[in-house]
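Each chain, letter by letter, is given below.
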Amino acid sequence: MDLAKEFNFKIASFHHAVEAYKIAQPLADNAVCASMWADWWGFKMEALDGIQENVALVDRKKNSCAIVHSDSAEGVQRLNQETAKVMARSSALGLNGSPENAMRWLSINPAKAMGIENVTGSLEAGKMADVVLWNGTPFSVYAKAEKVYIDGALMFDINNKNMKRLILIACLISSCSITAVALAQNVLIENATVHTAGTRGTLKNTDVLVQGGIIRAIGPNLLAPGVARIDAKGKPLTPGLFAGLGDIGLEEVSAEKSTVDASFSLGEGVTGQMRP
């Protein structure tokens, strides 16, 4: 950070920051994020001082920017469960381990590190409609994403078994970003428990209106004539989760080759097309 000041450049985030808790205050003072594993430690010399409370201790500082991440192609697909472990350690320390605070570690804080927090990372009117509807609390081992919208396009539906294959083909032919624009929907998601990851916190029995790939409004009893409606029935609605790898959805269990698709390529290749 001293070098950044001397040579006038900005550090967005320190990755694999297993000892970030030791410099939590300087990180906050310099508006630098720390991207941390939930509980990895001891796997090499520079990780011997890693502790399970690392994220919690970084997060407790005012103006901090704690991020839960993984460079494992498996772990990065289960960051919600990794974050649940951090929530437990935070609560054990008497710190803020609430679902609303934890969601920030997966959404708005990574967006800050990437410099895109003004357009995505939280559920706010005017931001990109990157939205996930869950079947229950996102931080449960039983959690499943029911619907995933990227830029307002329904890119995953748990009840549509063919959608994943069709979306993958479309991404390969053009790109996932172009595909999302082409498939953008106007939809009103009603009666959701909205974890905004923003200043409004968690909103119960709340509607979210998506039009033209953008979140147009958030509030109770929204009116949107002619727009498709989805009754969330109180289920959690969150921002899209951010991951630092391009292998999402391409590797399920690394030890089982039949579940690994990362080597499959067409055109620019799958990994190059997957949006982080």
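The structure under discussion appears in the preceding block.
Reading the values: rules and limits
Residues numbered from 1 in each chain as written. Predicted model: local features only at pLDDT ≥ 70, side-chain atom pairs only at ≥ 80, totals over all residues. Heavy atoms only, no water. Helix = DSSP H or I, 4+ residues; strand = E, 2+ residues; numbered from the N terminus. Buried < 20%, exposed > 50% of the residue type's maximum accessible area, 1.4 Å probe, protein only. Contact = heavy atoms within 4.5 Å. Areas by Shrake-Rupley, 256 points an atom, 1.4 Å probe, with all protein chains shown as cover. Pairing = 2+ DSSP bridges. Axes fitted to C-alpha atoms, helices over the stretch in contact; angles between N-to-C directions.

**Observations regarding the overall build of the protein chain**
Link 1 in the chain: Check the secondary structure of the protein chain and you find nine helices and eleven strands.
Link 2 in the chain: The buried share of the protein chain, reckoned over its 276 residues, is 46%.
Link 3 in the chain: In the protein chain, the share of contacts with a sequence separation of at least 24, taken over all contacts with a separation of at least 6, comes to 60%.
Link 4 in the chain: For the protein chain, the computed accessible surface area is about 14,000 Å², with 54% contributed by carbon and sulfur atoms.

**Considerations on the sheet that holds strand E2 (residues 33-36)**
Sheets are built from strands paired through backbone hydrogen bonds, the pairs being either parallel or antiparallel.
Link 1 in the chain: In spatial order, the strands read E1-E2-E3; together these three strands make up an open sheet with parallel pairing. At either end of the open sheet lies a strand with only one pairing partner, and these are strand E1 (13-15) and strand E3 (66-68). Pairs of neighbouring strands in the sheet enclose a mean axial angle of 20 degrees, with direction left out of account.
Link 2 in the chain: One ladder, built from three bridges, connects E1 with E2; its direction is parallel.

**What to know about helix H5 (residues 99-106)**
Link 1 in the chain: The element H5 is largely enclosed, with a buried count of six among its eight residues.
Link 2 in the chain: Taken together, the buried positions of H5 are Glu100, Asn101, Ala102, Met103, Trp105 and Leu106.

Taken by themselves, the reported measurements are silent on function.
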